[in-house]
Amino acid sequence: MTTSRNSGTRSRSVGRSILKLDGESLVRGEPVYTDDLHPDGLAIGRILRSPHAHARIRSIDATEALALPGVLAVLTHADVPRVPHTTAGQSHPEPSPYDAYLLDHKVRHVGDRVALVAAESDDVAAQALQRIRVEYEILPPVFDAREALEPGAPRIHDELESRGIRDASRNLVAVMDFAVGDVETSLAQADVVHESDYEVPAVQHVSLEPHVAISWLDEAERLVVRTSTQVPFHVRRTLARVLALPVTRIRVIKPRIGGGFGGKQEMTIEDACAALTLATRRPVRLEYTREEEFQMSRTRHAMRLHVKLGARHDGHLTAIDMRVVSDTGAYGTHGLTVTGSSGYKTLPLYNADSLRYHCDVAYTNHAVAGACRGYGAPQGFYALESAIDELAYQLQLDPLELRRRNVIGAGDLDRVSVALERQGKGHARSIHSYGLAECMQRGARAIDWERRDAVPRDGELRRGVGLALAMQSSGIAGIDWGAAALELKQDGSWMLRTGATDLGTGADTVLAQIASEILGAPPDRVQVHAADTDAVPYDVGAYASSVTYVSGNAVRRAAEDARMQVLALASDLLATDRTSLECVDEGVRSSTGAWVSLAEVAAHALKLHGRALEGHAAFCIPDSPPPFAAQFAEVEVDTETGKVRVLRFVSAVDCGTALHPLQVEGQIEGAVAMGIGYALTEEMLYDDAGRLRNANLVDYKVVHADDMPSMTTIMVESFEPTGPFGAKSVAEVPTNGPAPAIANAIRHAVGVRLTRLPMTPDRVLRALGRI
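Please read these numbers as outputs of a predicted model, since none were measured by experiment. (Residues numbered from 1 in each chain as written. Predicted model: local features only at pLDDT ≥ 70, side-chain atom pairs only at ≥ 80, totals over all residues. Heavy atoms only, no water.)

## Focus on the domain arrangement of the protein
As a reminder, the rule being used: These domain boundaries are the output of an automatic or database domain assignment. Contacts are assigned to residue pairs that have any heavy atoms within 4.5 Å of one another. Buried area counts how much accessible surface, traced with a 1.4 Å probe, disappears from two parts once they are put together, with both parts' losses summed. Here, a salt bridge means any Lys or Arg side-chain nitrogen found within 4 Å of an Asp or Glu carboxyl oxygen.
Along its sequence, the protein is carved into domain 1 (423–472 + 626–771) and domain 2 (481–620). Put simply, the middle of domain 1 and the middle of domain 2, counted by C-alpha atoms, are 39 Å apart. Taken residue by residue, the interface counts 14 residues in domain 1 and 15 residues in domain 2. In total, domain 1 and domain 2 occlude about 1100 Å² of area from one another, counting both sides; carbon and sulfur atoms represent 60% of this. Its largest share of buried area at the contact with domain 2, domain 1 owes to Gln663, Pro724 and Phe725, together 41% of the area lost on that side. Inspection of the domain 1/domain 2 interface yields zero salt bridges.

Right, here's the structure in full:
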């Protein structure tokens, strides 16, 4: 593994790979995760899951379960409020339909909730589940998204209370359309037209820490939920709705998280846990097993994508047309926005004369899809970048050169964002920071692109080299916002309070670096208190690649506010003009050398104002600057077995300024690992009854350390003027390129195009005509 980045002037804190604030506690195994601390009197919660993909509950008899010693409560749909809501962790008003219920009289996928149990132990809870008698009316299921949209298909949501569904009678959750120019005219003007279809599966996040929550009532009878979530404030709001409690009666605490990847941008477990606490008046712990993670949490959306491209002989793109059918599973959480992202995060990459996108989001009786790293962009880029390569073959152009001739450039207007703004669905944006051209140049040099035709492409083992480009966003413009507060403690240290959610990504460390840089204090003198809805300012949470850009800007502004107050007080103490003062180390120094400590400033603030000095700020993003990536893969294809090995992988990524280079490197390489799994091994497999066949980590194949290729990570640092110290996002964009880059490398190696993920040995052999 090699890593390189642009050189430049480094600041005192940002741009340096300092130790993670939580690194030592994690290495020592200190109790920092949700399940590490148990209140006294803790009961165990369990969920009775549906064995059927589609059924109506005719009756439930919990008599035997309640008679079992140690059983504290059994809840069914008759025992809880029937409140339609969305479980999606999105800003209100949520664009997802209100089609979910705490418990319902109908089940819509295998693993759907039937009843909740609280007991003194896990063994007793498991026995209680077996003693609940349920009578089902089995209904016909539908598992194909296109079939679900056909007239006469089984209707999955026939309840009257749900709202926000585009057409429940057709299982149509949502539709999105946008167009730039006249695609039909642009296709007619093309010298070459390429058309192809692609299919991508549902995959699981496979966070090491499963979903887990512990809830209790505090001394004021307020509901407290300690949970592994990416969105504590959204969870609090939705809990209040579902449980009919005032928001002020609920506190949500997010401790350390053992991975999220979008799967915890959702209220998946907290409502069930809280309902059991309210029923028993006891602390309750509820945790998914790995099988339950597969059945009951969330997946990446499976999609079918149709791409049509038009181009002139010189390679100029005249048109890009993409049509998508998306399988959102049994509930519509994130359905519109994920599938919309497959278009509006991908099509702006190329300056074709005309662009058009249409998607239909369908209910099926599969497990529920939701947010997953990349949020629809990996699906869209797999199709688009594969089609671009095929077009290059038709035009007899170098695939890299075709991209160079058409790619969006610095200062360009994102024309898709303009079209969506006209529909009232977003904000127009221009490209202020741009490193994609350098990404292509440096990535191509690292993979030795000019010599790619020299790799062995005959015999049993054949090699190929492919590439893919990608872009993403940095939060959601006009919607995402966060706030921060910085308090000067009496010892001269700082307390940063933020609602931002660190998923293990090092967000707390980066936010401390930003504050440190402005306040002139060492990063280890900035303590971070995050993601406790009682104690920190509001923040949307961690999703949409937003934390560094959104929360980072809020922290920057709060630190600037605090710094101005510090200088004003120091000016008073030193009897000098504030313009001559500078915050350094743990004090303030004047141009004449006079110095006062921050502890003295803190004492002065308390004396003058009767309270601690505190800087406050909020930030609502007016723009969403895209990061860019150029990713290259060299593969080896065994034409006898169909096995594909990724030998080398190069990622050249423009994330603006890398505030913490080592963490940026980790984000890129972790994204590549996920992308390789998506490309080659991962797929949720169902039987004819809708039961998952591989709901475990033996049969579901994630890539391991020994599957990883030699990796080269190149940080191409542009400077984003709207970001904190020039930064923009990095966490998702490297997830988008591995699948198409590998597919394009396979095409280069053996001359066949694989149009369905994952590209397993049997599919490779079938494409080669060997089976």
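Structure's up, so let's keep going.
## Observations regarding the packing of helix H15 (residues 547–574) against helix H16 (residues 598–609)
Note the following rule: As a rule, the C-alpha atoms of each element are fitted with a line to give its axis, helices using only the stretch in contact, and angles between N-to-C directions run from 0 to 180 degrees. Strands are runs of DSSP state E lasting at least 2 residues, helices are runs of H or I lasting at least 4, and numbering of each runs from the N terminus. Angle categories: roughly parallel below 35 degrees, roughly antiparallel above 145, roughly perpendicular from 65 to 115, and oblique for all the rest. Note that Gly is not counted as nonpolar here; it falls among the polar residues with everything else outside the nonpolar set of Ala, Val, Leu, Ile, Met, Phe, Trp, Tyr, Cys and Pro and the charged set of Asp, Glu, Lys and Arg.
With their axes 10 Å apart at the nearest point, H15 and H16 run at an angle of 90 degrees to one another. The orientation of H15 with respect to H16, classified from their angle, is roughly perpendicular. In this structure, H15 uses Val566, Leu569, Ala570, Asp572 and Leu573 to contact H16, whose residues at the interface are Leu598, Glu600, Val601, His604, Ala605, Leu608 and His609. Among the residues making up the contact of H15 with H16, the classes are represented as eight nonpolar, two polar and two charged.

## Section: the nonpolar core
Quick note on the threshold: Working definition of a nonpolar core: buried Ala, Val, Leu, Ile, Met, Phe, Trp, Tyr and Cys residues. They are joined through side-chain atoms within 4.5 Å. A 1.4 Å probe rolled over the protein chains alone gives each residue an accessible area, and that area as a share of the maximum for its type sets the label: buried under 20%, exposed over 50%, partly exposed in between.
Residues Ile320, Leu469, Ile742, Ile746 and Met759 are the most contacted members of the largest nonpolar core, which totals 111 residues. With ten residues, helix H10 (residues 377–395) is the largest single contributor of residues to this core. Beyond its immediate chain neighbours, meaning those up to four positions away, Ile746 contacts Val635, Val637, Val644, Gly751, Val752, Leu754 and Met759. Within the second largest apolar cluster, 49 residues are counted, among which are Ile514, Ala515, Val547 and Ala562.

## Comments concerning the sheet that holds strand E3 (residues 55–61)
Heads up, the condition is: Any two strands are treated as partners once DSSP identifies two or more bridges connecting them.
Taken in spatial order, the three strands line up as E5-E3-E7 in an open sheet, and their pairing is antiparallel. At either end of the open sheet lies a strand with only one pairing partner, and these are strand E5 (106–107) and strand E7 (133–138). By the bridge criterion, six bridges tie E3 to E7 in an arrangement that is antiparallel. Looking at the pairing, Ile57 lines up with Tyr136 of E7.

## Brief notes about the pairing of strand E21 (residues 581–584)
Bridging between E21 and strand E22 (residues 587–590) involves four bridges; their strand directions are antiparallel. Residue pairing across strands places Glu582 opposite Arg589, the latter belonging to E22. Following E21, the chain reverses through two residues before pairing antiparallel with E22; Asp585 in that reversal takes a positive phi of roughly 45 degrees.

## Re the pattern of salt bridges
In total, this model carries 61 salt bridges according to the counting rule given. As a salt-bridge pair, Lys20 and Asp22 come within 3.6 Å of each other at their nearest N and O atoms. Judged by relative accessible area, Lys20 falls into the partly exposed class, the value being 26%. Asp534 is the partner of Arg251 in a salt bridge, and the nearest nitrogen-oxygen pair spans 3.9 Å. Linking Arg251 in strand E12 (residues 250–253) with Asp534 in the loop between strand E20 (526–530) and H15, this pair joins segments that are 283 residues apart in sequence. Through salt bridges that share partners, Lys20, Asp22, Arg256, Asp502 and Asp508 make up one connected network.

## Quick notes on unusual backbone geometry
Here the bond from His92 into Pro93 is cis, since omega is 0 degrees, no more than 30 degrees from zero. On the secondary structure map, Pro93 appears in the loop between strand E4 (71–75) and E5. Between Leu757 and the following residue, Pro758, the backbone shows a cis peptide bond with an omega angle of -10 degrees. Relative to the helices and strands, Pro758 resides in the loop between helix H18 (738–750) and helix H19 (761–767). Positive phi, normally seen in glycine, also occurs at Glu221, with a value near 65 degrees. When you line up the elements, Glu221 lands in the loop between strand E10 (212–217) and strand E11 (223–227). Classification of Glu221 as partly exposed rests on a relative accessible area of 41%. For Tyr375, which is not a glycine, the phi torsion comes out positive at approximately 50 degrees.

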